[in-house]
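# Commentary on secondary and tertiary structure
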Amino acid sequence: MQRIFSGIQPTGVPHLGNYLGAIRNWAALQTSHECLYCVVDLHAITADHDPKTLAGSTRDLAASLIACGIDPAKHILFNQSAVHAHVRLGWIFTCVARMGWLNRMTQFKDKAGKDRENVSTGLFTYPNLMAADILAYHATRVPVGEDQKQHIELANDIAEKFNHDMGTDFFPHIEPMIMGPAARVMSLRDGAKKMSKSDASDQSRINLTDDAETIALKIKRAKTDPEPLPSEAEGLESRPEARNLVGIYAALMDTDHAHVLKQFGGQGFGAFKSQLADLVVEKLAPIASETRRLLADPAHVDSVLRDGARRAAALANPIVDEAERLVGFLKP
Ligand code: AMP
Ligand code: TRP
């Protein structure tokens, strides 16, 4: 059985993009793979964070993941800082990766913006730690949204250089799994920007915790164009906002763009938006209520994470011990 690893940052509340691009697929893959899912709190401190809320956000996100169907009894759910193997291998990879490789990372360029001199060095070396997250388990499949593809390619470059430099074939090749018609959900306010936890406007995203009324209003106000919906998928090509809403509908119905347009092609956005809102509410409401139920007992969520970390460490420690031996460290 192939081993899967994926991660999500505990910065802000998870949104529909996280759900459709990643979390929903994580849940589905549990029947066919051995899965490790990680709340990446080490990654969360690469940008400014509030030390008073990080622990709570980590627990909240773990509860959301369980509510979305992640099964911590059959698979492993944990928070990254609880397993030291990530940092040990992350450091080794920081010494393997080249400045030029990291300089090409578009997520860094987006996040740093014009303020490059003032962002943390951790934001720059972030992809090294991400490579370590995956490779500390010898995981070979990584279900992510499209935005993470470049980081997976970099992880493979790191693994190959490590293998070459240490004269080994120790680290395996990794394949990203980018799944479904909503692998890149866009902002509801701007079809050129991805839906993101860090967007200043809450109207730009649907949070997994939003109530029915909020969801309906956000979809009603979502940016569109004046044309009716096209009848064929090709008609969405230069219409990013329409394409985004149709993609969300398709993903939630487990179908594709063409199928949705068979039903709605030729109609205006009014009727479509109202059905889309009903569908989003129908899918998200049970997740929000299950998350609330789980968080009524925070100690239980913490104990699930503690158990996950113990099992994750048992898998990662021997692999990272061996990586250290291959590097040449004295292990007295
Ligand atoms: P993050 O919130 O950046 O930690 O992302 C967690 C997971 O959600 C990753 O697999 C991302 O690729 C995925 N993701 C984040 N934003 C989006 C989006 N707008 N559309 C699709 N997937 C996304
Ligand atoms: N970089 C990912 C994101 O921002 C989160 C992440 C960290 C991750 N480590 C990972 C994803 C390992 C997959 C595998 O979305």
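Structure's up top.
Residues numbered from 1 in each chain as written. Chains lettered and ligands numbered in written order. Predicted model: local features only at pLDDT ≥ 70, side-chain atom pairs only at ≥ 80, totals over all residues. Heavy atoms only, no water.

Below, the discussion takes up the overall build of the protein chain. Per the secondary structure count, the protein chain includes 13 helices and five strands. Relative to a compact globule of 332 residues, whose C-alpha radius of gyration would be 20 Å, the protein chain shows 21 Å and is just as compact. Principal axes of the C-alpha set define a box for the protein chain whose edges measure 70 × 45 × 40 Å. Summarising the internal contacts of the protein chain: among those between residues at least 6 apart in sequence, 76% fall at separations of at least 24. Counting only carbon and sulfur atoms, one obtains 52% of the accessible surface of the protein chain, whose full area is about 15500 Å². (Helix = DSSP H or I, 4+ residues; strand = E, 2+ residues; numbered from the N terminus. Rg over C-alpha atoms; globule rule 2.2 N^0.38 Å. Contact = heavy atoms within 4.5 Å. Areas by Shrake-Rupley, 256 points an atom, 1.4 Å probe, with all protein chains shown as cover.)

Below, the discussion takes up the nonpolar core. Counting residues in hydrophobic clusters, the biggest one holds 57 residues, and the most contacted among them are Y19, L20, L65, F272, V280 and L284. Here the element with the most residues in this core is helix 12 (residues 269-295); it accounts for nine residues. Each of domain 1 (3-183 + 298-327) and domain 2 (202-293) gives at least three residues to this core. Counting 47 residues, the second-largest nonpolar core is a separate cluster that includes V96, L154, A316 and V320. (Core = buried A, V, L, I, M, F, W, Y, C linked by side-chain atoms within 4.5 Å. Buried < 20%, exposed > 50% of the residue type's maximum accessible area, 1.4 Å probe, protein only. Domains from an automatic or database assignment.)

With that settled, the discussion passes to the packing of aromatic side chains. Enumeration over the complete set of coordinates arrives at twelve aromatic pairs. A ring pair is formed by F162 and F171, whose centres lie 4.9 Å apart and whose planes are at 70 degrees; its orientation type is edge-to-face. For the pair shown, F162 and F171 are each scored as buried. Pairing Y249 with F272 gives two aromatic rings, centres 5.5 Å apart and planes at 45 degrees, and the pair type is tilted. Remark: F272 occurs in helix 12 and Y249 occurs in helix 10 (residues 240-252); sequence separation between them is 23 residues. Residues Y249 and F272 agree in their burial class; the two are buried. Taken together, the ring pairs in this structure connect F93, F162, F170 and F171 into an aromatic cluster. (Phe/Tyr/Trp six-rings, centres within 6.5 Å; stacked < 30°, edge-to-face > 60°.)

Residues in close proximity to ligand 1 total 19 residues, the closest being G145, D147, V185, M195 and K197. The backbone of Q9 places a nitrogen or oxygen atom 2.9 Å from an oxygen atom of ligand 1. Contact distances for ligand 1 include 2.8 Å between a nitrogen atom and a backbone N or O atom of V185. Here ligand 1, which alone exposes 480 Å², has 93% of that area covered by the protein. If you list the elements that add at least two residues to the shell around ligand 1, you get strand 1 (3-8) and helix 1 (16-28). Sort the elements by how many residues they give to the shell around ligand 1 and helix 1 lands first, with four residues. (Near = heavy atom within 4 Å. Polar contact = N/O pair within 3.5 Å; in protein donor to acceptor, adjacent residues only side chain to side chain.)

With the rule as written, the count across this model stands at 19 salt bridges. In this structure, R59 and D302 form a salt bridge, with 2.7 Å as the shortest nitrogen-oxygen distance. Linking R59 in helix 3 (residues 54-67) with D302 in helix 13 (residues 298-327), this pair joins segments that are 243 residues apart in sequence. Between D225 and R239 there is a salt bridge; the shortest N-O distance is 2.7 Å. Here D225, found in the loop between helix 9 (212-221) and helix 10, pairs with R239, found in the loop between helix 9 and helix 10; they are 14 residues apart in sequence, far enough to count as distant. (Salt bridge = Lys/Arg side-chain N within 4 Å of Asp/Glu carboxyl O.)

Interaxial distance between helix 4 (residues 85-94) and helix 13 falls to 10 Å at its minimum, and their mutual angle equals 25 degrees. Here helix 13 runs roughly parallel to helix 4, going by the angle between their axes. The handedness of the crossing between helix 4 and helix 13 comes out as left-handed. Note on element contacts: helix 13 touches helix 4 through A316, N317, V320, D321, A323, E324 and V327, opposite A85, R88, L89 and I92. Partitioning the contact of helix 4 with helix 13 into residue classes produces seven nonpolar, one polar and three charged. (Axes fitted to C-alpha atoms, helices over the stretch in contact; angles between N-to-C directions. Parallel < 35°, antiparallel > 145°, perpendicular 65-115°, else oblique. Left-handed = near helix turned anticlockwise from the far one by under 90°. Nonpolar A, V, L, I, M, F, W, Y, C, P; charged D, E, K, R; others polar.)

Here we take up helix 1. At A22, helix 1 shows its largest bend, some 35 degrees. Burial analysis of helix 1 places twelve of its 13 residues in the buried class, which makes it a mostly covered element. Looking only at helix 1, the buried set comprises L16, G17, N18, Y19, L20, G21, A22, I23, R24, N25, W26 and A27. (Bend = angle between axes of the 7 residues up to and from the residue.)

Within strand 2 (residues 34-39), five of the six residues are buried, leaving the element largely enclosed by the surrounding structure. Judged from the six bridges that link them, strand 1 and strand 2 form a sheet pairing that is parallel. Pairing of R3 across the sheet is with E34, part of strand 2. One crossover worth recording links strand 1 to the parallel strand 2 by way of helix 1, and it is right-handed. Strand direction decides the pairing type here: strand 2 and strand 3 (residues 76-79), joined by four bridges, are parallel. Along strand 3, the bridge assignment pairs Y37 with L77. (Pairing = 2+ DSSP bridges. Right-handed = clockwise from strand over helix to strand, strands pointing away.)

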